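The lines below spell out each chain.
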Amino acid sequence: MDFTAQPKPATALCGVVSADGKIAYPPGVKEITDKITTDEMIKRLKMVVKTFMDMDQDSEDEKQQYLPLALHLASEFFLRNPNKDVRLLVACCLADIFRIYAPEAPYTSHDKLKDIFLFITRQLKGLEDTKSPQFNRYFYLLENLAWVKSYNICFELEDCNEIFIQLFRTLFSVINNSHNKKVQMHMLDLMSSIIMEGDGVTQELLDSILINLIPAHKNLNKQSFDLAKVLLKRTVQTIEACIANFFNQVLVLGRSSVSDLSEHVFDLIQELFAIDPHLLLSVMPQLEFKLKSNDGEERLAVVRLLAKLFGSKDSDLATQNRPLWQCFLGRFNDIHVPVRLESVKFASHCLMNHPDLAKDLTEYLKVRSHDPEEAIRHDVIVTIITAAKRDLALVNDQLLGFVRERTLDKRWRVRKEAMMGLAQLYKKYCLHGEAGKEAAEKVSWIKDKLLHIYYQNSIDDKLLVEKIFAQYLVPHNLETEERMKCLYYLYASLDPNAVKALNEMWKCQNMLRSHVRELLDLHKQPTSEANCSAMFGKLMTIAKNLPDPGKAQDFVKKFNQVLGDDEKLRSQLELLISPTCSCKQADICVREIARKLANPKQPTNPFLEMVKFLLERIAPVHIDSEAISALVKLMNKSIEGTADDEEEGVSPDTAIRSGLELLKVLSFTHPTSFHSAETYESLLQCLRMEDDKVAEAAIQIFRNTGHKIETDLPQIRSTLIPILHQKAKRGTPHQAKQAVHCIHAIFTNKEVQLAQIFEPLSRSLNADVPEQLITPLVSLGHISMLAPDQFASPMKSVVANFIVKDLLMNDRSTGEKNGKLWSPDEEVSPEVLAKVQAIKLLVRWLLGMKNNQSKSANSTLRLLSAMLVSEGDLTEQKRISKSDMSRLRLAAGSAIMKLAQEPCYHEIITPEQFQLCALVINDECYQVRQIFAQKLHKALVKLLLPLEYMAIFALCAKDPVKERRAHARQCLLKNISIRREYIKQNPMATEKLLSLLPEYVVPYMIHLLAHDPDFTRSQDVDQLRDIKECLWFMLEVLMTKNENNSHAFMKKMAENIKLTRDAQSPDESKTNEKLYTVCDVALCVINSKSALCNADSPKDPVLPMKFFTQPEKDGVQWHDLGSPQPLPPRFK
């Protein structure tokens, strides 16, 4: 606006006066000068304020009359007055003067206007104290200024920015929680009019607003933050360009000096976005530019910021700005680890707040779940599990699948997080059913997956599975009935592998209980060297069952020492592992032992933690007599049809069968808990059921738990005996086996009982009705094995006259000529099934006798060999089908392998018979190879078979099926590992190294391959390649580590064999030539694969005399036995 020329004041004090030199004052107001007291001045000023307050813009006469006074009030005397009340009253007058004289202000000097507005601004600080007596006047001043928009006059001033900055700072500093909405509204009106009606907002003025958004200021004065927030919302259209310019200067051009707030740009962007995303319309593309910065730390800062913007609950930035969202997702694959980590952490909030973005995130999380950084893989799991715990619908099956994969991660921390996360989801949605049946179904696979992990080799994994089972799958703190219901239906719904894992878990815990029990027994014996040695061995075994076995050894030794000194502790531990210990007693014992070992001065006690691990593994927290009784009642309800089977997702038949299987497993680990009439009555009821599996399991439970039935429960005994007899005679083969074993295990007059079964069965054998032969053959075989003294002789005539002559040497029926190599069990002819059982009977009979005085074993081995030579068609009448021949080959090979487990029969098995048995693993029928390999492995890992049988796995290199070769390799790894561990753990084993040391398999393997029927010409390159493959199949596993210079040892064995002859045919030059050729191939392989084989062998190998002659005294080598040629050059 245009200001008229202002006349100069007459005096400094009086200011500008009228033409006659007098200042007109309102009626009743005397002159205001420095001559009067302050109180009087205040009194007179109040009257002036009242006058101006009552005036309006239309009072032209008054405006002219009081113009000199208006000019006088703007003099330095008033603007710099030391009294705040005087200053306040003058400010109120000046505000009214601007209102009255608007739009033309009476002050034409720019400097004077600046002084006046700075003066008024300073007075506004009085708004801070709402309890001040003068607050109403301060409020009036603010209201007046806001209503009239007085500060807009300053737009004409060159340095108006200084006034506005001072005003904004003042208002933001005085606002507080004692102000009402009117105060805030007037402040907003005042500031927003300046922003919206000016030519633009300078950086300093913008800073005065934005500074209130940064966290430090925001936390100090929330009201100033709220004021800035509303101001920005109101002025968004005007101020957006200024904000964009600020961020452009800092983010793109890198001019951080433009503002003191440059270092807070990301905090500011976050706050501005929360206030109104429109404030940042032009800023978002700048962030996309920053996301691609070469500076990792800068990218990290932008990712942190955008994570908050995209992840906040009400944000629609991802849908509104797809290019920025896609660019942000790209940071999941950033080269900088902290950036990837931050991206993954963001995903959790995003999944919870924006489920619609889950699809976009899934692929990126998949890649990060395989990140080389452990921390990132860990956080992927945390991200997914956190969202899933909030609401299962937030995560799709793919995301849960990533967690599932990580349960097998190479790092323990990641595996643990994944396993615990899944366990928590299972408990929440399956056990507690928090989101209904659909959610429970979605995560029903978790229970199986967690139990499968028990198959892992790591003791940490096994212990965590046990902990998860006790806390999440079947929480041990539930009441007995609820706990058993949980276990009952869990067991019924597990897949077969999970069931095996759970059974193995109970078996391991039971075995550890046995070790601790044996340790306590050793404490009761007098101290001796043998006792100390046995105790040390037992402690090492226990330590292997705890985390970090190396450290655990020291802790277990310490615990053993404490046990030796503290009799009360020993008694507590004895009670804990007692078969009669209840779950409640176990809980008390564990707490009591932990309390005794705790040290209040040591908050973290690794020793106590290790002992707790041991106690948790051996404490019977789930099963006791009360629990078994509850399980039996549940099964009874299923039988009666009154249980909740269908509601729990299993059929009644499945519930009964699996319930009995569960009881069967528990009968091995907790036999004492079954001893009650009620339990046995229910089991008798199961024996009468039509389901064969149910009856079989019930018999086995009686066999495992019924040792006191005869003395304590005569009524149960009298009911049980006829049922067992009936099952042994006419039940299924499995029932018959269990019935015979049950009678032998629990009755004192077993001889009488078994005779009552043996005699009628042996008399009634009839080969013309093979379908009625199978069960009797099973019963007779097991009876002769369990009671050889009583039945070995009568069985001999049965074997000679019926089993061999009548059954095995005759083919009564003609098999189907369909060309199939294998048929399902239900399609196998009864005659062949009977012949298979007859072969098993022969083996059981011999295993019972355990001697070869009658040469029956030789005859049996010849018979089995003949069956293998004839490929299963013993009579060679070609009436038997291909699939039936496969069954009989498998039975014959398995029978030889079973007899080899008994030392007295192993000695008489000839090399030829061993080779025939070994070739079963190369049988033309896949199922024969598969089942034979499984039986071979099972016997070898239990150290039941001699070492030479491990050489059979070398032939698996020729198996055409990749899976079979892979399985054989795993079997070898397991067997070699077990044998090496056994030698380490058993000092006495060094005396039996020839039968235990895995490297000693090499001579057996060389001899076996030299007699391979496929190896006919020692110069045939293709045949030599096959031999090499077979040798390397075994040697690769043996040579993984050069333990005790084993490479040189194996080389020495191969060299020493060339100093001997083949004991099988010592004088046949071709046989010896093949043997030495295989040795040369073996040496070639060892030399090519190991640089360490040329070292001196630590010991001189001993070769098995059964396969090799003694080395010639004068050093005769293979070239003295003929003229074999060296290996063909093409092969080398």
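Rules used throughout
- Residues numbered from 1 in each chain as written.
- Predicted model: local features only at pLDDT ≥ 70, side-chain atom pairs only at ≥ 80, totals over all residues.
- Heavy atoms only, no water.
- Helix = DSSP H or I, 4+ residues; strand = E, 2+ residues; numbered from the N terminus.
- Buried < 20%, exposed > 50% of the residue type's maximum accessible area, 1.4 Å probe, protein only.
- Contact = heavy atoms within 4.5 Å.
- Patch = residues over 30% accessible without salt bridge, like charges linked within 9 Å, V, L, I, M, F, W, Y side chains within 5 Å.
- Areas by Shrake-Rupley, 256 points an atom, 1.4 Å probe, with all protein chains shown as cover.
- Salt bridge = Lys/Arg side-chain N within 4 Å of Asp/Glu carboxyl O.
- Lys, Arg positive; Asp, Glu negative; His and termini not counted.
- Charge placed at Lys NZ, Arg CZ, Asp CG, Glu CD.
- Expected span 1.5 Å × (residues − 1).
- Axes fitted to C-alpha atoms, helices over the stretch in contact; angles between N-to-C directions.
- Nonpolar A, V, L, I, M, F, W, Y, C, P; charged D, E, K, R; others polar.
- Core = buried A, V, L, I, M, F, W, Y, C linked by side-chain atoms within 4.5 Å.

## What about the environment of Q915?
Reasoning step 1: Examined against the element boundaries, Q915 turns out to sit in helix α48 (residues 911-918).
Reasoning step 2: A residue is classified by how much of its surface remains accessible, and Q915, at 8% relative accessible area, is buried.
Reasoning step 3: Excluding residues within four positions of it along the chain, Q915 makes contact with H1007, L1008, H1011 and Q1064.

## Some words on a positive patch on the surface
Reasoning step 1: On the surface, K507, K737, K840, K898, K935, K938 and K942 cluster together into a patch of positive charge.
Reasoning step 2: By secondary structure assignment, the location of K935 is in helix α49 (residues 926-941).

## Observations concerning a nonpolar patch on the surface
Reasoning step 1: A cluster of nonpolar side chains, V252, L253 and F289, forms an exposed patch at the surface whose accessible area comes to about 260 Å².
Reasoning step 2: Topologically, L253 is positioned in the loop between α13 (236-252) and α14 (265-275).

## Quick look at helix α34 (residues 625-640)
Reasoning step 1: Here α34 spans 23 Å end to end across 16 residues, near enough to the 22 Å set by a 1.5 Å rise per residue.
Reasoning step 2: Restricting attention to buried positions, one finds in α34 the residues A627, I628, S629, A630, L631, V632, L634, M635, N636 and S638.
Reasoning step 3: Looking at the packing, one finds that the buried side of α34 touches α27 (480-493), α35 (652-669) and α36 (677-687).
Reasoning step 4: Positive backbone phi, approximately 85 degrees, marks G641, located one or two places after α34.

## Section: the packing of helix α39 (residues 714-730) against helix α42 (residues 774-786)
Reasoning step 1: Orientation of α39 relative to α42, taken along the N-to-C sense of each, is 115 degrees, at an axis distance of 6 Å. Of the residues in α42, those touching α39 at K727, A728, K729 and R730 are T775, P776 and S779.
Reasoning step 2: Split into classes, the residues belonging to the contact of α39 with α42 amount to two nonpolar, two polar and three charged.

## Section: the side chain of N975
Reasoning step 1: Within the secondary structure, N975 is located in helix α50 (residues 962-985).
Reasoning step 2: In this structure N975 comes out as buried when scored by relative accessible area, which is 1%.
Reasoning step 3: Filtering out sequence-adjacent residues up to four positions away, N975 remains in contact with H937, L940, V941, M950 and F953.

## So, the nonpolar core
Reasoning step 1: Judged by nonpolar contacts, the single largest core of 354 residues is most densely connected at L94, Y151 and F247.
Reasoning step 2: The element contributing the most residues to this core is helix α5 (residues 84-101), with 13 residues.
Reasoning step 3: Those residues within four positions of Y151 in sequence are excluded, and the remaining contacts are F117, I120, T121, L124, L145, I163, F164, L167, L190 and I194.

## Quick look at the pattern of salt bridges
Reasoning step 1: Scanning all chains against the criterion turns up 48 salt bridges.
Reasoning step 2: E76 is the salt-bridge partner of K112, the closest N and O atoms lying 3.7 Å from each other. One end of the pair, K112, is in helix α6 (residues 110-123); the other, E76, is in helix α4 (residues 76-79), and 36 residues separate them in sequence.
Reasoning step 3: Here R322 and D360 are joined by a salt bridge, their closest N and O atoms 3.3 Å apart. Taken together, the residues span a long stretch of sequence, with R322 in helix α18 (residues 322-329) and D360 in helix α20 (residues 358-368) at a distance of 38 residues.
Reasoning step 4: Given a relative accessible area of 22%, D360 falls into the partly exposed group.
Reasoning step 5: Several salt bridges converge on common partners, so that one network encompasses E76, R80 and K112.

Geometric values such as these leave the question of function open.
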